[in-house]
Amino acid sequence: MTDPKTYALLAKPNIRLTGHVDYDMYDSFREQLAACPETGPLALAMTTLGGDPEVARTIGDDIRLLREHDNREILFLGKVAVYSAGATFMAGFPIANRYLTKATRIMIHERSIVRSLEMSGPLRGTLAKVTQTLHEIEQSIAIEEEGFRAIVEGSRVDFAEVREKAPRAWYIDCHEAVRLGLIAGVI
């Protein structure tokens, strides 16, 4: 059961992020954060079907820096849908600070790439294009795996399980998330 003080903070979050995770959401986050009290705990609520994972990581890094610099407690509240980049963002919070509302689902999946690779011209130039694309894919996989490790760190889910389920888009309802130890509770 969530303690009354935490529940009250989550019921009236300081920051509310909804929609596509993109630079507009990041701007909204920065504006709302600037209006927050400079001391004391904060709560952030998010509803998203996904978006840019690098923007999610950027917002998460801002949260981490604020937590470490000011030694502030910052709570995450997922509402209705925490999909894709939303799960990436949630991974930036310690499990003890992650909550979901009733009927909320998390969705974890692999990153994807849409790329056409035209190969024409000198062979060395073509090889360079292929090598650049290969490096981009390898780095994207490494970043994806860092996120998978972060979301399951301290839970009852191991890295191999999330890596196995992610290619098929792993949906986890709020109650299963509690049982798996991925969140602190459901409100």
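Further up the page is the structure itself.
Residues numbered from 1 in each chain as written. Predicted model: local features only at pLDDT ≥ 70, side-chain atom pairs only at ≥ 80, totals over all residues. Heavy atoms only, no water.

Here S84 shows up in the loop between β3 (74-83) and α4 (85-90). Residues within four places of S84 in sequence aside, it is in contact with L49, G50, M107 and H109. (Helix = DSSP H or I, 4+ residues; strand = E, 2+ residues; numbered from the N terminus. Contact = heavy atoms within 4.5 Å.)

On inspection of all chains with the given rule, the structure shows nine salt bridges. Two residues, R115 and E136, come together in a salt bridge whose shortest N-O distance is 2.7 Å. Taken as a pair, R115 in the loop between β5 (105-108) and α5 (123-152) and E136 in helix α5 lie far apart in primary sequence, 21 residues in all. R179 is the partner of E176 in a salt bridge, and the nearest nitrogen-oxygen pair spans 2.7 Å. Of this pair, E176 and R179 both sit in helix α7 (residues 174-179), three residues apart, which is roughly one turn of the helix. Judged by its relative accessible area of 28%, E176 is partly exposed. Bridged by salt links that share partners, the residues E54, R57 and R111 form one connected network. (Salt bridge = Lys/Arg side-chain N within 4 Å of Asp/Glu carboxyl O. Buried < 20%, exposed > 50% of the residue type's maximum accessible area, 1.4 Å probe, protein only.)

To continue, consider the pairing of strand β1 (residues 15-18). Covered by surrounding structure in β1 are I15 and L17 only, the residues R16 and T18 on the alternate face being uncovered. With four bridges joining them, β1 and strand β2 (residues 42-48) adopt parallel strand pairing. Across the sheet, the residue bridging to L17 is M46, located in β2. Handedness of the β-α-β unit built from β1, helix α2 (residues 23-34) and β2 comes out right-handed. (Pairing = 2+ DSSP bridges. Right-handed = clockwise from strand over helix to strand, strands pointing away.)

Another aspect to go through is the packing of α2 against helix α3 (residues 53-70). It is at 9 Å that the axes of α2 and α3 come closest, and there the two elements cross at 20°. If you check the angle between α2 and α3, you find them roughly parallel. Both α2 and α3 take part in a crossing whose hand is right-handed. Across the interface between the two elements, Y23, M25, Y26, F29, R30 and L33 of α2 pack against V55, T58, I59, D62, I63 and L66 of α3. Here the residues of the contact of α2 with α3 sort into nine nonpolar, one polar and two charged. (Axes fitted to C-alpha atoms, helices over the stretch in contact; angles between N-to-C directions. Parallel < 35°, antiparallel > 145°, perpendicular 65-115°, else oblique. Left-handed = near helix turned anticlockwise from the far one by under 90°. Nonpolar A, V, L, I, M, F, W, Y, C, P; charged D, E, K, R; others polar.)

β2 sits mainly inside the fold: six of its seven residues count as buried. For β2 and β3, the ladder comprises six bridges, and the chain directions are parallel. Its bridge partner lying in β3, L42 is registered against I74. For the segment spanning β2, α3 and β3, crossover handedness is right-handed.

On to the packing of aromatic side chains. A full pass over the atoms with the stated rule returns five aromatic pairs. Ring centres of F89 and F93 lie 5.3 Å apart, and the angle between their planes is 80°; this geometry places the pair in the edge-to-face category. By way of ring pairs, the aromatic residues F76, F89 and F93 are connected into one cluster. Taking the ring centre of F159 as reference, the NZ or CZ of R149 above it sits at 3.9 Å. (Phe/Tyr/Trp six-rings, centres within 6.5 Å; stacked < 30°, edge-to-face > 60°. Lys NZ or Arg CZ within 6 Å of the ring centre and 35° of its normal.)

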